[in-house]
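A look at the structure
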Amino acid sequence: MMRVNFIGWHWWILLSSIQQMLFVSVSGTEGNTIRYQTNEEDGPGTVIGNLAKDMSLSLSHASRTNFRMMKQFNDSHIRVRESDGELTVGERVDRERTCRHSPVCLIEFDVVNFSKERYKLIHVQVEVKDINDNSPEFPYKESVVEISESAAVGSRVPLDPAMDADVGSNYIQSYQVSVNSHFSIDVQQRADGVKYAELVLMKELDREVQSSYVVELVATDGGNPSRTGSTKITIKVTDFNDNSPVFDQNSFSVSLPEDSPVGTVILDLNAVDADEGSNGEVVYGFGKQVPFEIRELFKVDDRTGRLTLQRPVDFEEKATYEVDVQASDLGPNPTPSVCRIIIRVKDVNDNAPEISITPMTSTSTGVAFISEAAERDSLVALISTLDRDSGVNGQVHCTLYGHDHFKLKQAHEDSYMIVTAAALDRERIGEYNLTVMAEDFGSPPLRRILQYTIRLTDENDNAPHFSKPVYEVSVLENNAPGAFITTVEARDADLGNNGKITYRLLDGVLMGSPVNTFVSLNSVTGSIYALRSFNYEVMKVFEIHVQASDGGLPQLQTRALIRLRVLDQNDNLPTIIQPVLYKGSAEVFLPRDAAAGYGVTQVKAVDADEGANAQLSYRITEGGHLGFSINRATGRLHASRQLAYDLSDVARVTVAVSDNGAPALTATATLLLSFVEGPVPSAPPPGQAGGAEASLEWDTSVAIIVVLAGSCSLLLLAILLITTSCSRRRKEKGRGGYSTLPGYGKETLRPITIWKGNSFTTISARDPQISGKDSGKGDSDFNDSDSDISGDVHKKDSLPTHSESGLWACTSECKVLGHSDRCWSPSASRPNTGLATAPHLSTFASRTASLPRDARRENYYPAHLPKPHALQSVYEKVQHQEFDYILVGPPTPARIQETDEISIPEYLHS
């Protein structure tokens, strides 16, 4: 039914990337012009053709859009199906209204084809074929013509032409007149293509015989089936008038510019009649067959015969007019003469070009949208131009002004493409206001200017950007959980979801716990809050990583580091670590008659805070009048004058240690100064006063203890020699968890640090003061005779305090072994709960014999009493140095052997 004609080929490339909107790159793909035909008056939905099939175009089944019609001037007549390019009639086409006098009626538009990332611009021409839907029609159903009885045979009288809106073969093809004996017709064609009939006299007339004739004139077109129109003509025969007016010329051809003003003289006609009087007086007028259209445009003066322009003519409406002017005399029964005038309208450049801009994607008039990611030569919009003038007056040239990021490319004779000329960036320039100017080649040229806006759509091409890569933040310790810390802020130059930022904490571990147990982060605002109270003494600084992500696809992220510094507060009291305090007091011995400047002891304190909060100062708050003073910076307590005290006197001095915080925190210690007899020692050097290895204050009890310790050491040596000898014989049995006692060969023994009274001392491993006697209460040093601090658990309340008897708590075994009543073992009742779980150490490495025990005690467990602070220091020092006689005991209580299981070696006197 349809015939497809390929008119011509142009080469173009359309490259692009499509997201929600489509943009086409035109760097080198092929563009075509294709022509279809359809009949006028075809109903809506009538199929005209299929672009995909007719041009063998491949379809992308992944996309619903393969074809897009670029709407132009006649965009409502034709529809394009986007999936396969099927063309159908959009609304019924009336060719006579659409194309009027044009012999060929074309509807033209452009279609963009998207296929396999190659895009084609197709120029489509649909020719609307005429159908014979109009019948010939005469201007009057009846008309009257006059002819003189003296008219010669062959005389002609023009008749009104019939009108037919159809064209081509459907237009009027012939005229016929009803059968009569005097008249026939001859078909003529005017300069404008209109066919008309002339009445030809075939036989002389005699008015006296017949004064009138009636004939029927029929016009027939060439349609199939043909259509006809008819009119009735009455021919009146008038009396003889021997002379008729004669024109200078029987026909004229004149040119009339279409911009001629009303009143312009077209032609001065002149006719002469040889008769005299009224028979020779000539008048002018249009012939009866002249149509109403000509009568409206032109005017002939009935006296002068001047033909003038009565209304403006338009070359685009009609280019040629044929006017018949007749001249008649005023005598009776005149015979008019006819002059034929052909008026050719001359085109002038009186129509400015029209501009139609069709964007690839748009949501509003006058605006085109394109992605900022569009490549060079991407199609933004199609410009169509129309100029109703002809020739050079109708040839149009387009120019684009406004920005060098866009340019024009000519697509077809009357269409141009706006394409990108450079890379685009919406964050730099989001909108372009361009000017399109269309100008024809007339003289002078006419132009049309149109403002057009191109807006860039956003792509997710910007990652969030933090205001700074590292945030240094401070927070005071002891903050309340939930306290606000800081807010991180990232910005994204993109729009919509592409610029919508969410925050999250990156996984991490702080002090063995997930970072999200320390702080929380608001994913929308970026605010960070503390989930726990921070302690400067535990954690001074920590780092967390925050990630900002946008909502684009694909998603873009960036990270920032938050370095959180915990600021110190003065929340820790100074802690006095020397001398060791029990219930806030410590007993210190010194000669009763110490000289002025004698170093009594050194009060030493530590503060877990830092900076000014840990700067300590010492002062005496009570007992300063008793003859003692303290160095404010070092805490060294010395005699401020010569002392003279009795042995029974106890001086009570209270020392306060304050930090430099705001407010300051203070700890106090009460020093109970006991006096002993002895020579006045020289004052120790300041660096040794009160230290862990300071000189010990000696008295008679200490001397007795030393003697007893020596005896015990000799006994211990004997036991160890015998045990070592036996263990060598029983090598297999003697290795069960014990090590051979070193130091009894040629190697030099390492020193041992022990606690005596209220200070430490380092002595040789063979020093006779070391007690080698096992208490028999297991391997723990808490139960050894030399360091037992437990006493009898069940008789704890009955033990005398040092304030009453001056004795330290001693075990009964300690006394049995020969110690003095003033045992140097530390008091068993000094608490230090923080050391309850310290590991058990023993001062013995070899297996030794134990004293007999009560057999009724099936199981014995060492007393779980806390170690005093000073004893803890001993343990710490022992654990971090290499000493002889170090044995790590079992962490659980060990069952003590029964008496029959214990072997005691004999002493052999040499």
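Since this is a predicted model, take the numbers as computed values, not measurements. (Residues numbered from 1 in each chain as written. Predicted model: local features only at pLDDT ≥ 70, side-chain atom pairs only at ≥ 80, totals over all residues. Heavy atoms only, no water.)

Remarks on the overall build of the protein
Rule in force here: Strands are runs of DSSP state E lasting at least 2 residues, helices are runs of H or I lasting at least 4, and numbering of each runs from the N terminus. Whether a residue is buried, partly exposed or exposed follows from its accessible area with a 1.4 Å probe, protein chains only, as a fraction of its type maximum: under 20%, in between, or over 50%, in that order. Contacts were defined at the residue level, with two residues in contact if any of their heavy atoms lie within 4.5 Å. Residue-level accessible areas treat just the shown protein chains as cover; the underlying method is Shrake-Rupley with a 1.4 Å probe.
For the protein, the count of helices and strands is seven helices and 57 strands. For the protein, with 910 residues in total, the buried portion stands at 49%. Sequence-distant contacts in the protein: of pairs separated by 6 or more residues, those separated by 24 or more amount to 69%. A total accessible area of about 45500 Å² is found for the protein, and carbon and sulfur atoms account for 50% of it.

Examining the nonpolar core
How we decide: As used here, the term nonpolar core means buried Ala, Val, Leu, Ile, Met, Phe, Trp, Tyr and Cys residues forming a set that is joined through side-chain atoms within 4.5 Å.
Formed by 28 residues in total, the largest nonpolar core has its most connected members in Phe466, Tyr503, Ile528, Phe534, Ile544 and Val546. For this core, the secondary structure elements donating two or more residues are strand S35 (470–476), strand S38 (502–505), strand S41 (519–521), strand S42 (527–530), strand S43 (541–549) and strand S44 (557–567). Contacts of phenylalanine 466, omitting those with residues within four sequence positions, involve Tyr471, Val488, Glu489, Ala490, Tyr503, Val546, Gln547, Ala548, Thr558, Arg559 and Ala560. One finds Phe298, Val325, Cys339 and Val345 within the second-largest nonpolar core, a separate group that totals 27 residues.

Some words on the pairing of strand S18 (residues 251–257)
Note the cut-off: Following DSSP output, two strands are said to pair if at least two bridges run between them.
Burial along S18 is one-sided: Phe252, Val254 and Leu256 are buried, while Ser251, Ser253, Ser255 and Pro257, pointing the other way, are not. As judged from the seven bridges shared by S18 and strand S25 (residues 337–346), these two strands associate in the parallel manner. In the strand pairing of S25, proline 257 is matched with lysine 346.

As for the state of the cysteines
Disulfides are covalent bonds that link the sulfur atoms of two cysteine residues. Going by this rule: By definition, disulfides here are pairs of cysteine sulfur atoms that lie within 2.5 Å.
The full count for this structure, using the stated rule, is one disulfide. What pairs with cysteine 99 in a disulfide is cysteine 105, and their sulfur atoms sit 1.7 Å apart. Residues cysteine 99 and cysteine 105 are joined through a disulfide that is right-handed, its torsion about the S-S bond being 65 degrees. No difference in accessibility class separates cysteine 99 from cysteine 105, as the two residues are buried.

Quick notes on the pattern of salt bridges
Stated precisely, the cut-off is as follows: In what follows, salt bridge is the name for a side-chain nitrogen of Lys or Arg lying within 4 Å of a carboxyl oxygen of Asp or Glu.
Considering all chains together, one arrives at 26 salt bridges under this definition. Taking the shortest distance from any N to any O, the salt bridge between glutamate 427 and arginine 426 comes out at 3.0 Å. Glutamate 427 gets classed as partly exposed once you look at its relative accessible area, which sits at 24%. Overall, the relative accessible area of 12% leaves arginine 426 in the buried class. A salt bridge links arginine 491 to glutamate 489; the nearest nitrogen and oxygen atoms lie 3.1 Å apart. On the basis of relative accessibility, which here comes to 60%, the residue arginine 491 falls in the exposed class.

Details of the sheet that holds strand S21 (residues 282–286)
By way of backbone hydrogen bonds, the strands of a sheet pair with one another, either parallel or antiparallel. Note the following rule: Here the axes come from fitting lines to C-alpha atoms, over the contacting stretch only for helices, and the angles between their N-to-C directions go from 0 to 180 degrees.
Spatially, the four strands line up as an open sheet ordered S18-S25-S24-S21, and their pairing is mixed. Edge positions in the open sheet fall to S18 and S21, since each of these has one partner strand only. Direction aside, neighbouring strands of the sheet carry axes that sit 25 degrees apart on average. Summarising the sheet, strand S24 (residues 320–329) and S25 pair through eight bridges and their orientation is antiparallel. If you follow aspartate 324 over to S25, its bridge partner there is arginine 340.

Quick look at the side chain of aspartate 568
Spelled out, the test is: A residue counts as positive if it is Lys or Arg and as negative if it is Asp or Glu; His and the chain ends are not included. Nitrogen and oxygen atoms within 3.5 Å of one another constitute a polar contact, given that in protein one can donate a hydrogen and the other can accept it, and given that sequence-neighbouring residues count only through two side-chain atoms.
Looking at where aspartate 568 falls in the secondary structure, it is placed in the loop between S44 and strand S45 (575–578). An unpaired buried charge is present at aspartate 568: no salt bridge exists, and lysine 540, the closest side chain of opposite charge, is 8.0 Å distant. At 3.0 Å, the side chain of aspartate 568 forms a polar contact with the backbone nitrogen of glutamate 610. At a separation of 3.0 Å, a polar atom in the side chain of aspartate 568 contacts the side chain of asparagine 613. For aspartate 568, the residues in contact, after removing those within four places along its chain, are Leu476, Glu477, Tyr536, Glu537, Asp609, Glu610 and Asn613.

Notes on the sheet that holds strand S53 (residues 666–676)
The four strands lie next to each other as S46-S53-S52-S49, forming an open sheet whose pairing is mixed. Two strands lie at the open edges of the sheet, namely strand S46 (585–591) and strand S49 (617–622), each paired on one side alone. Ignoring which end each strand starts from, the neighbouring axes of this sheet average 35 degrees apart. Relative to S53, strand S52 (residues 650–658) runs antiparallel, the two being bridged by nine bridges. In the strand pairing of S53, alanine 656 is matched with threonine 668.

A closer look at the environment of tyrosine 36
Here tyrosine 36 lies in strand S3 (residues 30–39). Within the structure, tyrosine 36 has its side chain in polar contact with the side chain of aspartate 54 (distance 2.7 Å).

Regarding the packing of aromatic side chains
Basically, it comes down to this: Classification of ring pairs uses Phe, Tyr and Trp, with its six-membered ring standing for Trp, and accepts pairs whose centres are within 6.5 Å; under 30 degrees between planes counts as stacked, over 60 as edge-to-face, and the remaining range as tilted.
Taken as a whole, this structure holds eleven aromatic pairs when the rule is applied. Aromatic pair phenylalanine 183 and tyrosine 213: ring centres 5.5 Å apart, planes at 75 degrees, arrangement edge-to-face. With phenylalanine 183 in strand S13 (residues 183–189) and tyrosine 213 in strand S15 (residues 212–221), this residue pair connects regions lying 30 residues apart in the sequence. Comparing phenylalanine 183 with tyrosine 213, the two get one shared label, buried. On the basis of an interplanar angle of 45 degrees and a centroid distance of 6.2 Å, the ring pair of phenylalanine 518 and phenylalanine 542 is categorised as tilted. With phenylalanine 518 in the loop between strand S40 (513–514) and S41 and phenylalanine 542 in strand S43, the pair connects residues that are 24 residues apart, well separated along the chain. For phenylalanine 518, a relative accessible area of 2% gives the class buried. Classification of phenylalanine 542 by relative accessible area gives buried; the value is 4%.

What about the confidence of the model for the protein?
Heads up, the condition is: For every residue, the pLDDT score states the predictor's confidence, bounded by 0 at the bottom and 100 at the top.
Of all residues in the protein, 72% attain a pLDDT of 70 or more, and the chain-wide mean is 76. Counting contacts from residues 680–698, a segment whose pLDDT is below 50, to residues more than four positions away or on other chains yields 36 contacts. Predicted confidence is poor over residues 732–910, with pLDDT under 50, and the contacts of this stretch with residues over four places away or in other chains come to 305 contacts.

Considering the environment of tyrosine 471
Looking at where tyrosine 471 falls in the secondary structure, it is placed in strand S35. With 93 residues separating them along the chain, tyrosine 471 and leucine 564 place their C-alpha atoms 8.1 Å apart. Ignoring any residue separated from it by four or fewer positions in sequence, one finds tyrosine 471 in contact with Phe466, Thr487, Val488, Glu489, Ala560, Leu561, Ile562 and Arg563. There is a polar contact of 3.4 Å between the side chain of tyrosine 471 and the backbone oxygen of glutamate 489.

A word on unusual backbone geometry
Of the consecutive residues asparagine 224 and proline 225, the connecting peptide bond is found in the cis state with omega at 0 degrees. Mapped onto the elements, proline 225 comes out in the loop between S15 and strand S16 (228–238). The backbone phi angle of lysine 583 is positive, close to 55 degrees, even though this residue is not glycine. The topology assignment puts lysine 583 in the loop between S45 and S46. Overall, lysine 583 belongs to the exposed group, its relative accessible area being 72%.

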